[in-house]
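Here are the chains, one letter per residue:
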Amino acid sequence: MAQHPFQTEVSQLLHLIIHSLYSNREIFLRELVSNASDALDKLKYLTVAEEKYKSISFDPRIDISFKKDSSSAEASTLTVADNGIGMNKEDLIESLGTIARSGTRMFLEKLGADAKKDSNLIGQFGVGFYSAFMVAGRIEVISRKAAEDTTWKWTSDGKDGFEIEALTGDAQEIVGSGTRVVLHLTEEGAEYANRWSIEDIIKRYSNHVAFPIYLTYDEKEYDDKGKEKSVKTKTERINSGTALWRRSKAELKDEDYKEFYKQITAQHYDTDEPLLYVHTKAEGSLEYTTLFYVPKKAPFDMYNVDYKPGVKLYVKRVFITDDDKELMPTWLRFVRGIIDSEDLPLNVSREILQQNKILINIKNASVKKLLSEFKALADSAASGSDAVKEKWEAFVGQFNRPLKEGLYQDFANRETLQELVRFKSTAAEGWTSFADYVSRMKSDQKHIYYITGGDEKTLRSSPLLEAYRAREIEVLIMDDEIDDIVITSLHSYRQTRGLSEKSGDDDKGEGQSWELKAVNRAGADEELGEKKDKQAEKEAKPVIEKIKKALGDRVKDVKLSRRLHDSPSCIVADENDPSIQMAQMLKAMGQTEMPDIKPILEVNGDHPIVAGLKDTEDAERIADVAGVLLDQALLVEGVKLKDPADFVKRLNRLLGSA
């Protein structure tokens, strides 16, 4: 019998499971049943899609049995068997000896000194097959792969490693293909060698598994005096096995949807109830059923390039794939659920899926349906109960950013998405929509103003807002790092319904469009309502020239500002240049050869620091003041100074001379 060591991560995980996590042990059965269901799904697909497997007689089922030893708890066993695809030697090593891709690494990192007490982490990150070691001191996996002749036995105590051997003759134990997992229970795990415990766990976690789950147990009969007179072995089905998404919405309760959500999201490590769900059955030129869920919290891998997609594809109830990112657009990657088509071929491949017109139509219709539900929730929150408002706030808090990505990626649905995305504002607490902003605009205001940057607190205190605040002009605060990309691609907001009188609805009913203007760009101050003071510009010109000469190529230009009231200086970007924040983000993404973006420095001619340069020709003092004006403007915008020591020296010299 060959001895194999566990992969390092598996050893770490098993150590934590065996020694630290006990209070949520029952999920081991859910995980084993889920694995068995996947194995049945795979063989069911192969028997209709590939010639090699079509001759296999396939009656899918999962069988659970147990043996209770009253004299020795350690002698009790629990067995979970299926007649699915099965595994050969290579599969056993790959599936049970390594962790190719899962939340396990994140699980291990999350388990700090205090977190080890929180066994709910098991449910959040999922440990699949390995969770069985919470209740078993030794596990045997006996498996034969479909269309192969050899049966293999995998054995481990969850400590040093595992053994694999080929079984021969009567020892093979399996007729046809399939897998039998035998758990030799520990003293703590012996409580699960019990009919009622098993039934309760299956009904709570696996009741909606599409394949029948049978439990074999001994039923005792007693006489009228309560004395045992006989024992009969019975086998009963213990799950409903109905594809919930195929059932009528009228016969389903909210609890049914929530229980099914727990089942389909087990591999995504979500232990919460869903935030909302959308169940649709389409009939006509296309026949399909969809059941989509939005989780309460964003998936932990939502911003990973290799995120795990959450939508499963079925064809006529036959499982096809749960690993295809083409089923939903990238910006809806947080959605979980089912697509079940009547029109796709059963042997559809991943390459075909990407170009299949039927699936493209289902996908497009599903996106529109989801967006309509999001919009309905937003509309209800505006005038609904506190509970509805809390649900909408939770949705925005978790998924506002992916919706913004949709603005950039999905032109076909941009009109709806621009009504859903939310921002912070200088005029209101909480989240603000473009429509909210428009409803509060001044009658003569022509643009929607916004400011972008990396920190809300910094943006709210930016000198760039002084003139807008003085004139009570609202500015949207956009502190998400993708806002620069998204909003510059949007250009304008067009309101198509719910128009106010000031919006000037035209005869075509198409609504009015407002250009989006960044206050941290040159030219955005043209609509502030102040006419240029030619005399002030003339008087400030010598000072402007002194500052420009002192700064040299550190800036693109120096101008007299119309947006500053209290602060001495601020920086803005040229209308044709990326903002400083965008330039920093592009460099962080690997575009290291990108040239430095030079800002435009605007100065407040009425401020004493600037006005004080009018009557001096001291080149060193002018250089110090100019340098401090620029550096402090950069600091206010959250930009890291290239030479902080130089800034401190200049500041100290100015303080000393004062």
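Keep in mind it's a predicted model, so treat the numbers as computed, not measured.

A. Representation of the overall build of the protein. For the protein, the count of helices and strands is 20 helices and 22 strands. Within the protein, the fraction of its 658 residues that count as buried is 50%. Considering only residue pairs separated by 6 or more positions, the protein has 70% of its internal contacts joining residues 24 or more positions apart. As displayed, the protein has an accessible area near 32,100 Å², and 46% of this comes from carbon and sulfur atoms.

B. Representation of the nonpolar core in the model. Counting residues in each nonpolar core, the largest one holds 84 residues, and the members touching the most others are Leu332, Phe334, Phe374, Phe395, Phe434 and Ile448. Per-element tally for this core: the top contributor is helix H9 (residues 357–383), with nine residues. The contacts of Ile448, once residues within four sequence positions are left out, are Phe434, Tyr437, Val438, Met441, Leu476, Tyr493, Trp514, Glu515, Leu516 and Lys517. If you look at the next biggest cluster of nonpolar residues, it comprises 43 residues, including Met134, Ala136, Trp152 and Leu183.

C. Highlighting the pairing of strand E17 (residues 475–478). Alternating positions in E17 separate into two faces, Val475 and Ile477 on one and Leu476 and Met478 on the other, with burial throughout. Relative to E17, strand E15 (residues 424–425) runs antiparallel, the two sharing two bridges. Bridge pairing in E17 links Lys424 to Ile477. Examined bridge by bridge, strand E16 (residues 447–452) and E17 share four bridges and lie parallel to one another. Within E17, the residue paired with Thr452 across the bridge is Met478.

D. The packing of aromatic side chains, seen in detail. Scanning all chains against the criterion turns up 19 aromatic pairs. Measuring from centroid to centroid gives 6.4 Å for Phe129 and Phe133, while their planes differ by 90 degrees, and the two rings are edge-to-face. Using a relative accessible area of 8% as the deciding quantity, one classes Phe129 as buried. Aromatic ring contacts, followed pair by pair, group Phe129, Tyr130, Phe133, Trp154 and Phe162 into a single cluster. Just above the ring of Tyr307 sits the side chain of Lys325; from NZ or CZ to the centre is 4.3 Å. Over the aromatic face of Tyr303 sits the side chain of Arg401, whose NZ or CZ is 4.8 Å from the ring centroid.

E. Geometry of the pattern of salt bridges. The tally for this structure, following the rule as stated, stands at 39 salt bridges. One salt bridge connects Arg195 with Glu199, and the closest N-O pair in it is separated by 3.2 Å. One end of the pair is Arg195 and the other is Glu199, both in helix H6 (residues 195–205) and four residues apart, which spans about a single turn. Residue classification places Arg195 among the buried positions, given a relative accessible area of 18%. As a salt-bridge pair, Arg554 and Asp631 come within 2.7 Å of each other at their nearest N and O atoms. A residue pair is termed long-range when its members are at least 10 positions apart, and Arg554 in the loop between helix H16 (534–551) and strand E20 (557–560) and Asp631 in helix H19 (residues 619–636) qualify at 77 residues. What emerges from the salt-bridge pattern is a single network uniting Arg195, Glu199, Glu219, Lys234 and Glu236.

F. Summary view of the sheet that holds strand E11 (residues 288–295). Taken in spatial order, the five strands make up an open sheet running E10-E11-E14-E12-E13, and their pairing is mixed. Of all strands in the sheet, those with a lone pairing partner are strand E10 (274–282) and strand E13 (318–321), marking the two edges. Between one strand and the next, the sheet's axes are offset by a mean angle of 20 degrees, whatever the strand orientation. Pairing of E11 with strand E14 (residues 336–341), which is carried by six bridges, proceeds in the antiparallel orientation. Bridge pairing links Thr289 to Asp340 in E14. Helix-sheet contacts for helix H2 (residues 27–49) involve strand E12 (311–315) and E13, and the interaxial angle to E13 is about 95 degrees. Those strands touched by helix H7 (residues 254–264) are E10, E11, E12 and E14, and its axis lies near 80 degrees from that of E11.

G. Layout of the side chain of Lys546. Considering the arrangement of structural elements, one finds Lys546 in helix H16. A relative accessible area of 13% means that Lys546 is categorised as buried. At a separation of 3.2 Å, a polar atom in the side chain of Lys546 contacts the main-chain carbonyl oxygen of Lys614. Among the polar contacts listed, one links the side chain of Lys546 to the backbone oxygen of Thr616, at a separation of 2.7 Å. Excluding anything up to four places from it in sequence, Lys546 contacts Leu613, Lys614, Thr616, Glu617 and Ile622.

About the cut-offs
- Residues numbered from 1 in each chain as written.
- Predicted model: local features only at pLDDT ≥ 70, side-chain atom pairs only at ≥ 80, totals over all residues.
- Heavy atoms only, no water.
- Helix = DSSP H or I, 4+ residues; strand = E, 2+ residues; numbered from the N terminus.
- Buried < 20%, exposed > 50% of the residue type's maximum accessible area, 1.4 Å probe, protein only.
- Contact = heavy atoms within 4.5 Å.
- Areas by Shrake-Rupley, 256 points an atom, 1.4 Å probe, with all protein chains shown as cover.
- Core = buried A, V, L, I, M, F, W, Y, C linked by side-chain atoms within 4.5 Å.
- Pairing = 2+ DSSP bridges.
- Phe/Tyr/Trp six-rings, centres within 6.5 Å; stacked < 30°, edge-to-face > 60°.
- Lys NZ or Arg CZ within 6 Å of the ring centre and 35° of its normal.
- Salt bridge = Lys/Arg side-chain N within 4 Å of Asp/Glu carboxyl O.
- Axes fitted to C-alpha atoms, helices over the stretch in contact; angles between N-to-C directions.
- Polar contact = N/O pair within 3.5 Å; in protein donor to acceptor, adjacent residues only side chain to side chain.

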